[in-house]
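Structural description and commentary
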Amino acid sequence: MDDAVARALDIGPGSSAAERTIDITTLGARSGIPRRIEVWFHRVDGRWYLTGMPVPRNWYANLRAHPRFTVHLKHGVTADLPATAAPVDEPTRRRVITAVLDLQNRPEIAARVSRRQDLDEWLARSPLVEIVFDDE
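The following refers to the structure shown. Because the structure is predicted, anything quoted here is derived from the model rather than measured.

Rules of the game
- Residues numbered from 1 in each chain as written.
- Predicted model: local features only at pLDDT ≥ 70, side-chain atom pairs only at ≥ 80, totals over all residues.
- Heavy atoms only, no water.
- Helix = DSSP H or I, 4+ residues; strand = E, 2+ residues; numbered from the N terminus.
- Buried < 20%, exposed > 50% of the residue type's maximum accessible area, 1.4 Å probe, protein only.
- Contact = heavy atoms within 4.5 Å.
- Salt bridge = Lys/Arg side-chain N within 4 Å of Asp/Glu carboxyl O.
- Pairing = 2+ DSSP bridges.
- Axes fitted to C-alpha atoms, helices over the stretch in contact; angles between N-to-C directions.
- Polar contact = N/O pair within 3.5 Å; in protein donor to acceptor, adjacent residues only side chain to side chain.
- Expected span 1.5 Å × (residues − 1).
- Arc of directions from axis to C-beta.

Okay, the environment of A83 next. Here A83 is to be found in strand β5 (residues 79-86). Given a relative accessible area of 0%, A83 falls into the buried group. In this structure, the C-alpha to C-alpha distance between A83 and F133, residues 50 residues apart in sequence, is 4.2 Å. Sequence-distant contacts of A83, that is, excluding residues within four places in its chain, are made with P67, R68, F69, V71, I131, V132, F133 and D134.

Working definition: two side chains of opposite charge can pair if their charged atoms are close together. Tallied over the full model, the rule gives eight salt bridges. Between R43 and D10 there is a salt bridge, with the nearest N and O atoms lying 2.7 Å from each other. In this pair, R43 is assigned in strand β2 (residues 34-44) and D10 in the loop between α1 (3-9) and β1 (21-27), connecting sequence segments 33 residues apart. A salt bridge links K74 to D23; the shortest N-O distance between them is 2.7 Å. A residue pair is termed long-range when its members are at least 10 positions apart, and K74 in the loop between β4 (68-73) and β5 and D23 in strand β1 qualify at 51 residues. Look at the salt bridges and you will find they share partners, linking D23, R36, E38 and K74 into a network.

Quick look at the sheet that holds strand β6 (residues 128-133) now. Around the barrel, six strands lie side by side as β1-β2-β3-β6-β5-β4; this closed barrel has antiparallel pairing. When the angles between neighbouring strand axes are averaged without regard to direction, this sheet yields 45 degrees. Relative to β6, β5 runs antiparallel, the two sharing four bridges. Bridge pairing in β6 links A83 to F133. In the packing of helix α3 (residues 90-104) onto the sheet, contacts are made with β2, β3 (47-51) and β6, and the angle to β2 comes to roughly 90 degrees.

Checked against the element boundaries, T21 lands in strand β1. In terms of polar contacts, T21 uses its side chain to reach the backbone carbonyl oxygen of A17, at 2.5 Å. At a separation of 3.1 Å, a polar atom in the side chain of T21 contacts the side chain of W40. The residues contacting T21, other than those within four sequence positions of it, are E38, V39, W40, K74 and H75.

To continue, consider α3. Taking 1.5 Å of rise per residue, 15 residues should cover 21 Å, and α3 covers 20 Å from first to last C-alpha, within 8% of that figure. Residues of α3 that are buried: T92, R93, V96, I97, V100, L101, L103 and Q104. The arc that holds every buried residue of α3, seen down its axis, measures 155 degrees, which confines them to one face. The exposed residues of α3 that point more than 90 degrees off its buried face are P91 and D102.

Rendered as structure tokens:
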């Protein structure tokens, strides 16, 4: 992995919104047509994850049907990284969601969301997958 890519993936709690913003290309769950969207990714305990607000997400349905996808890095480095979406167990889910909500509830981020995020709601309903890059 080249140094610029490694730096782009080395996000943490202090990373800016721009640094954690990526695009992903998934295959449509029913159509099989490639779909590209912008999302945030998170790094917890040295692993990478995709999650989101506790509402249905097309990207999550797509990844459940077709776990192979592409991560498109941007903001300082351009790279298309093949990956697989892996399910997470309950202890990992709790740890990752807690870390993500700690970030979401920080004042500079919370100002951009409509309300304080609820841990129980996120644990029950948020999509969550681990990103496993092909070169890992």
